Amino acid sequence: MDFLKKYKYHIFILFIAISWISVFDFVTQMSIQGVMHSDSFNYQEAAKNLYVFYKGHIYRPILMSAITGIPYLFGGSDESIFSFSFYVNLFCWLASFLLFFEILKSYVKPKAAFVFTLLAILIIGNTVHVFHLLTETIYQFFIVSAFYLLVRYYKTKTFWYLSFSVSIFLASMLIKPGSKFLAIVITLYFIKEIIKNYKSKSMFLIYGSLLMIAIQCGGMKYQFGSFTISYIDSVTYYDYIGSKAMCLKFGKEYTQRNNPRADFLASNEPEDKLRIAGADLKNQLHYNKSNLLKAYALDVKENTVSGNSCLSEIRNFKKRQGFDFVKTFLFDVSKWQNRFYTLFSLCLAFLFLLKTFRRPNPLTFISLFMLYVVGTSGISCGQGDRFHLMVFPFMFLLLAKYLSETKRFKPFFEPLQK
């Protein structure tokens, strides 16, 4: 009884989350679609490279491959990787909500934290991605875990929590390479504390993450010619925002398919891809800056107003009545969630960053993360709501904290212990 009383909210969160995803799967038939996101095959290929051919992948880092490719250790087939990814994603999805609830409890009452955790569970796009072999769900678990540990560090001033948090931020770039600049900024901010404790046993966590990064970069240098985490950033710039900027310059319509620039870059050797993309960026900053900025703005807009692309592709295999209505309804909900939640995220993140930057706390770094994710999404386009989904749970955190500081809502939100 003591256990149930202590963890009643956690149990309710798990029950509601599992019920929600079960109902969602029933009405969308998501688990039997057999249609994978186009990037999913890239991740499966990277996992096979690691476990079967003992080599890296030009775009996908080793930690993501190591997690998703475990079935290959036991003789699993290519298809088993996609099945296994669902259970990995489900675990990360559920665990993220439990940790998110704990973060919320640090700022508002448990009842309020529970309500806002439920709202985070109902984010359509994040629910969809549980069924796909993509980085988003695993990356979300990493980031929520890192921020949970950072909150614990600020509460206890125990270095172990900081070391664990920083190590996860560093390791996250081996899940999603675009996370590297955020990880570097956070590491540099705490560098004095890290150097001060460089002999601490807790430092093995940071050393371990740095070792994995070194192995990744060294392997890329050995296999492809460049000491880098991934070539994905350069290729993404060249194929998307760079291509769109050139289309704007010459009055052409940009399309992802039949993109001559993408075909040209793909025909080059890996090391040449970085050189070509770098030279193109430098050239466009000099001679096509206005169109590059316009392309960036258009990408951010598209990433903000779009619905979930995976939902638009599902089919009614069981021939149920009302399927098309449900499909359209959920897609529209994902679209409007993306629009409103992105807008609220930006407003709240700017607000808290301005309020806390002189005396940084976990909310400062969470706000920075939210702005970073939305800001860097402009490098690419055509992915629906995928790029902004990571920030939406944290939007609910900042919203709860904001409401707890208002006179009208303070009695409901204010934590019992400050």
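Residues numbered from 1 in each chain as written. Predicted model: local features only at pLDDT ≥ 70, side-chain atom pairs only at ≥ 80, totals over all residues. Heavy atoms only, no water.

## A short note on the packing of helix 2 (residues 8–28) against helix 6 (residues 110–121)
As a packed pair, helix 2 and helix 6 sit with axes 11 Å apart at the nearest point and diverge in direction by 15°. Here helix 6 runs roughly parallel to helix 2, going by the angle between their axes. Crossing angle aside, the handedness with which helix 2 passes helix 6 is right-handed. Of helix 6, the residues touching helix 2 (which contributes Y9, F12, I13, I16, A17 and W20) are P110, K111, F114, T117, L118 and I121. For the contact of helix 2 with helix 6, the per-class residue count stands at ten nonpolar, one polar and one charged. (Axes fitted to C-alpha atoms, helices over the stretch in contact; angles between N-to-C directions. Helix = DSSP H or I, 4+ residues; strand = E, 2+ residues; numbered from the N terminus. Parallel < 35°, antiparallel > 145°, perpendicular 65-115°, else oblique. Left-handed = near helix turned anticlockwise from the far one by under 90°. Contact = heavy atoms within 4.5 Å. Nonpolar A, V, L, I, M, F, W, Y, C, P; charged D, E, K, R; others polar.)

## A word on helix 8 (residues 136–156)
Across its 21 residues, helix 8 extends 30 Å between first and last C-alpha, which sits within 8% of the 30 Å expected from 1.5 Å per residue. Across the 21 residues that make up helix 8, a large majority, 16, are buried. One or two steps after helix 8, the chain reaches K157, where phi turns positive at roughly 60°. (Expected span 1.5 Å × (residues − 1). Buried < 20%, exposed > 50% of the residue type's maximum accessible area, 1.4 Å probe, protein only.)

## Structural notes on unusual backbone geometry
Positioned with a positive phi, N258 is a non-glycine residue whose angle comes to about 55°. Among the structural elements, N258 can be located in the loop between helix 13 (232–249) and helix 14 (260–266). Overall, the relative accessible area of 73% leaves N258 in the exposed class. Backbone geometry places K319, a non-glycine residue, at a positive phi of 55°. Within the secondary structure, K319 is located in the loop between helix 16 (289–305) and helix 17 (323–356).

## A closer look at the environment of T255
Positionally, T255 belongs in the loop between helix 13 and helix 14. Put simply, T255 and I215 are 40 residues apart on the chain and 36 Å apart in space, counted from C-alpha to C-alpha.

## Some details on empty space enclosed by the protein
This structure, assessed with the given rule, holds two cavities of 30 Å³ or more. By volume, the second largest cavity is sized at about 30 Å³. As for the second largest cavity, its lining consists of S96, F97, F100, Q140, V144 and P393. Here the lining of the second largest cavity gets three residues from one element, more than from any other, and that element is helix 5 (residues 78–105). Its residues placed into classes, the lining of the second largest cavity shows four nonpolar, two polar and no charged. (1 Å grid on protein atoms, 1.4 Å probe; cavity = no way out; pocket = protein on both sides within 12 Å on 5 of 7 lines; lining within 4 Å. Points joined across faces, edges and corners; volume = space filled by probe spheres on them.)

## Examining the pattern of salt bridges
Per the stated rule, a full pass over the model turns up 14 salt bridges. When the shortest N-O distance is used, the salt bridge between R60 and D39 registers 4.0 Å. Residue R60 is located in the loop between helix 3 (40–51) and helix 4 (62–68), and its partner D39 is located in the loop between helix 2 and helix 3; the two are separated by 21 residues in the primary sequence. Its salt-bridge partner being R386, residue D39 comes within 2.8 Å of it at the nearest N-O pair. One end of the pair, D39, is in the loop between helix 2 and helix 3; the other, R386, is in the loop between helix 18 (362–376) and helix 19 (392–404), with 347 residues separating them in the sequence. Here R386 falls in the buried class, since its relative accessible area comes to 6%. Salt bridges here are not isolated pairs; linked through shared partners, they connect D39, R60, E136, K176 and R386. (Salt bridge = Lys/Arg side-chain N within 4 Å of Asp/Glu carboxyl O.)

## Details of the nonpolar core
W93, F147 and F369 are the most contacted members of the largest nonpolar core, which has 105 residues in total. Of the residues forming this core, the biggest block, 14 residues, is contributed by helix 5. When neighbours within four sequence positions are excluded, W93 is seen to be in contact with A17, W20, I21, I121, N126, T127, V130 and T137. Judged by nonpolar contacts, the second largest core, of 16 residues, contains I58, I241, A245 and L265. (Core = buried A, V, L, I, M, F, W, Y, C linked by side-chain atoms within 4.5 Å.)

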